[in-house]
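Next come the chains, spelled out residue by residue.
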Amino acid sequence: MFLHSRFKMRRSNRIRSGSHHTEISKQQEFSLRPHIYIDTAPKLQREQTQYEGTARMPYPLTKDEAYFITETFLGIPRPLCLFQKNPEELLNKIADRMQYRVHFSTAPSFVIPGVMNDNIGKEILLKMKLGACITTNSITKAILDHLGYRTTTILGRERGSTFDSHSSNIVYDVTHPGSQHLVDTASTYFLTRAIPLDFTSESPIYHSTTMTYRFFKGENKSLIWCRRVPEGRTLPAEAQLITDSLGEQWFRSLTYWLEKPNARVYMNDFINKVVRGQIVTDPTLRCFLLDVPLDGKMLRILADDKAITMTTRDSNGSVKKQIMTEEDLKSFIDRNVPTFPQSLLQKIIDANFCYVTPYQME
């Protein structure tokens with residue numbers, strides 16, 4: 001393995017200074033237990049929040065919390081030892097476990113309407129195992145930073161969107177000086193591994209339980225995530241396709257901007273404007289969305305004031321949709337997402353599945 005001396009030194013220091021990380025006191029353990037009271041919202045602050053997760057206001061996670069979450073929440077023992085031995089293997093494990101432990105959902109926006117910050121996102125994630133990109137990828141970045149990786153936040157844009165409404169992470173110097181890996185633990189397409197970005201124009205083809213996919217380098221230093229077009233499937237006229245070097249077509253799903261400055265600052269400002277209703281975004285950000293991996297398939301629940309729809313997608317690209325009732329939804333979540341509070345679900349139902357900020361109600 002090729003590692004420059006500064007990177008190797010930082011890694012060895014992490015091991016020595018963190019060798020006691022398994023001995024976490026009861027007080028430290030208790031500090032990780034979320035204490036959100038869903039039905040008791042604090043006084044809303046109208047002024048713009050500070051840019052959390054940046055040097056100006058670091059993400060609220062200590063080293064001991066990062067080690068504890070990695071070992072207990074993600075089930076990866078002795079992460080610092082694995083980081084020293086094989087940092088790429090650890091990175092892949094963290095990417096996989098975060099996707100399966102935390103359900104992608106817009107539910108956190110309904111907890112305290114009009115308010116979203118790193119502390120709230122962290123508590124919802126650890127207690128309810130729910131999170132969107134701004135919450136899940138932010139805590140992932142903080143964990144990786146404490147383990148010794150060098151990371152940065154990047155922005156992304158979903159297909160059909162007019163906003164950069166997605167955030168993710170790039171991890172540097174994992175396999176050799178200058179290497180880059182994409183780690184997206186909260187995408188709507190369920191990426192369960194770190195993607196090396198050392199290819200010229202087309203990545204290798206990857207297979208998961210929910211899709212076959214690959215990445216393409218695009219213009220303006222962009223990275224385009226594409227799904228294989230299922231054979232015989234009719235795509236909508238607005239679908240954007242990319243043809244690879246062998247003539248196979250791929251369905252464009254998400255575009256990342258690899259070099260867009262101040263991505264974390266932009267995303268914090270964007271999400272605060274969204275939850276306050278100061279900007280109108282894509283409809284899916286304003287309704288209830290929940291992704292659940294189940295039996296080798298991806299189930300997506302999308303509910304608004306018109307219908308509750310469950311879409312089932314498998315690795316072959318086949319898609320099935322069914323309409324659910326409120327009772328169907330309650331039963332499904334009770335069986336498959338036991339950490340989802342029934343009180344929060346009822347709150348979402350009472351809101352007719354549409355996120356409305358207190359400022360819009362005035």
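Residues numbered from 1 in each chain as written. Predicted model: local features only at pLDDT ≥ 70, side-chain atom pairs only at ≥ 80, totals over all residues. Heavy atoms only, no water.

Participant: I would appreciate a short explanation of the overall build of the chain in the present structure.
Facilitator: The helix and strand inventory of the chain stands at 12 helices and 15 strands. Counting across all 362 residues of the chain, residues that qualify as buried make up 52%. When contacts within the chain are restricted to residue pairs at least 6 apart in sequence, those whose partners lie at least 24 apart make up 62%. Surface accessibility of the chain: about 17200 Å² in total, with carbon and sulfur atoms responsible for 51%. (Helix = DSSP H or I, 4+ residues; strand = E, 2+ residues; numbered from the N terminus. Buried < 20%, exposed > 50% of the residue type's maximum accessible area, 1.4 Å probe, protein only. Contact = heavy atoms within 4.5 Å. Areas by Shrake-Rupley, 256 points an atom, 1.4 Å probe, with all protein chains shown as cover.)

Participant: Help me understand the pattern of salt bridges, please; the structure alone is not making it clear to me.
Facilitator: Opposite charge on two side chains permits pairing when their charged atoms draw close. Scanning the entire structure with this criterion turns up 15 salt bridges. The partner of Asp118 in a salt bridge is Arg264, and the shortest N-O contact between them spans 2.9 Å. One end of the pair, Asp118, is in helix H7 (residues 118-128); the other, Arg264, is in helix H9 (residues 263-275), and 146 residues separate them in sequence. Each member of the pair, Asp118 as well as Arg264, is classed as buried. A salt bridge links Lys273 to Asp269; the nearest nitrogen and oxygen atoms lie 3.5 Å apart. In this pair, Lys273 and Asp269 both sit in helix H9, four residues apart, roughly one turn of the helix. Three or more residues joined by partner-sharing salt bridges are found here, namely Arg157, Asp164 and Lys260. (Salt bridge = Lys/Arg side-chain N within 4 Å of Asp/Glu carboxyl O.)

Participant: So what exactly am I meant to see when it comes to the side chain of Thr54 here?
Facilitator: Among the structural elements, Thr54 can be located in the loop between helix H2 (26-31) and helix H3 (63-73). A relative accessible area of 17% means that Thr54 is categorised as buried. Filtering out sequence-adjacent residues up to four positions away, Thr54 remains in contact with Arg264 and Val265.

Participant: Got a minute to help me understand empty space enclosed by the protein in this structure?
Facilitator: Counting across every chain of the model gives three cavities of 30 Å³ or more. If you add up the space inside the largest cavity, you get close to 70 Å³. Broken down by secondary-structure element, the contributors of at least two residues to the lining of the largest cavity are strand S1 (103-104) and strand S12 (288-294). Of the residues belonging to the lining of the largest cavity, the class tally is six nonpolar, seven polar and one charged. (1 Å grid on protein atoms, 1.4 Å probe; cavity = no way out; pocket = protein on both sides within 12 Å on 5 of 7 lines; lining within 4 Å. Points joined across faces, edges and corners; volume = space filled by probe spheres on them. Nonpolar A, V, L, I, M, F, W, Y, C, P; charged D, E, K, R; others polar.)

Participant: Just to check I follow, could you spell out unusual backbone geometry for this structure?
Facilitator: The phi angle of most residues is negative, glycine excepted, and most peptide bonds adopt the trans form. Phi at Asn262 takes a positive value of approximately 60°, unusual for a residue other than glycine. Position of Asn262 among the secondary structure elements: in the loop between strand S11 (249-257) and H9. For Asn262, a relative accessible area of 57% corresponds to the exposed category. The phi torsion at Phe353 lies on the positive side, around 65°, for a residue other than glycine. Residue placement: Phe353 occurs in the loop between helix H11 (342-350) and helix H12 (358-361).

Participant: Looking at this structure, I do not really get the sheet that holds S12. What am I missing?
Facilitator: Sheet strands line up and pair through hydrogen bonds in the backbone, either parallel or antiparallel. Pairing in this open sheet of four strands is antiparallel, and the strands run S12-S13-S14-S15 from one edge to the other. Because the sheet does not close on itself, it has two edges, and the strands there are S12 and strand S15 (319-324). On average, adjacent strands in this sheet sit at an angle of 20° to one another, irrespective of strand direction. Docked against the sheet, helix H10 (residues 326-336) engages S12, strand S13 (297-303), strand S14 (308-313) and S15, running at close to 45° with respect to S12. (Pairing = 2+ DSSP bridges. Axes fitted to C-alpha atoms, helices over the stretch in contact; angles between N-to-C directions.)

Participant: Just to check I follow, could you spell out the packing of aromatic side chains for this structure?
Facilitator: Given two aromatic rings, one states the distance between the centres and the angle between the planes to describe the pair. In total, this model carries 10 aromatic pairs according to the counting rule given. The interplanar angle of 85° and the centroid separation of 5.0 Å between the aromatic rings of Tyr100 and Phe190 together place this pair among those described as edge-to-face. Taken together, the residues Tyr100 in helix H5 (residues 87-101) and Phe190 in the loop between strand S5 (180-183) and strand S6 (195-196) connect sequence positions 90 residues apart. Tyr100 sits in the partly exposed class, given a relative accessible area of 36%. The class for Phe190 is buried, based on a relative accessible area of 5%. Taken together, the aromatic side chains of Tyr206, Tyr213, Phe215 and Trp225 make up a single cluster linked through ring pairs. Directly above the ring of Phe199 sits Lys217, whose terminal nitrogen or CZ lies 4.6 Å from the centroid. (Phe/Tyr/Trp six-rings, centres within 6.5 Å; stacked < 30°, edge-to-face > 60°. Lys NZ or Arg CZ within 6 Å of the ring centre and 35° of its normal.)

Participant: Is there a simple way to explain the packing of H5 against helix H8 (residues 133-147) in this structure?
Facilitator: Axis angle and axis distance: for two packed helices, these are the angle between their axes and the distance between the axes, and together they describe the pair. Interhelical geometry of H5 versus H8 gives an angle of 155° and a closest axis separation of 12 Å. If you check the angle between H5 and H8, you find them roughly antiparallel. In this structure, H5 crosses over H8, and the sense of that crossing is right-handed. In this structure, H5 uses Leu90, Leu91, Ile94 and Met98 to contact H8, whose residues at the interface are Thr136, Ile139, Thr140, Leu144 and Leu147. (Parallel < 35°, antiparallel > 145°, perpendicular 65-115°, else oblique. Left-handed = near helix turned anticlockwise from the far one by under 90°.)

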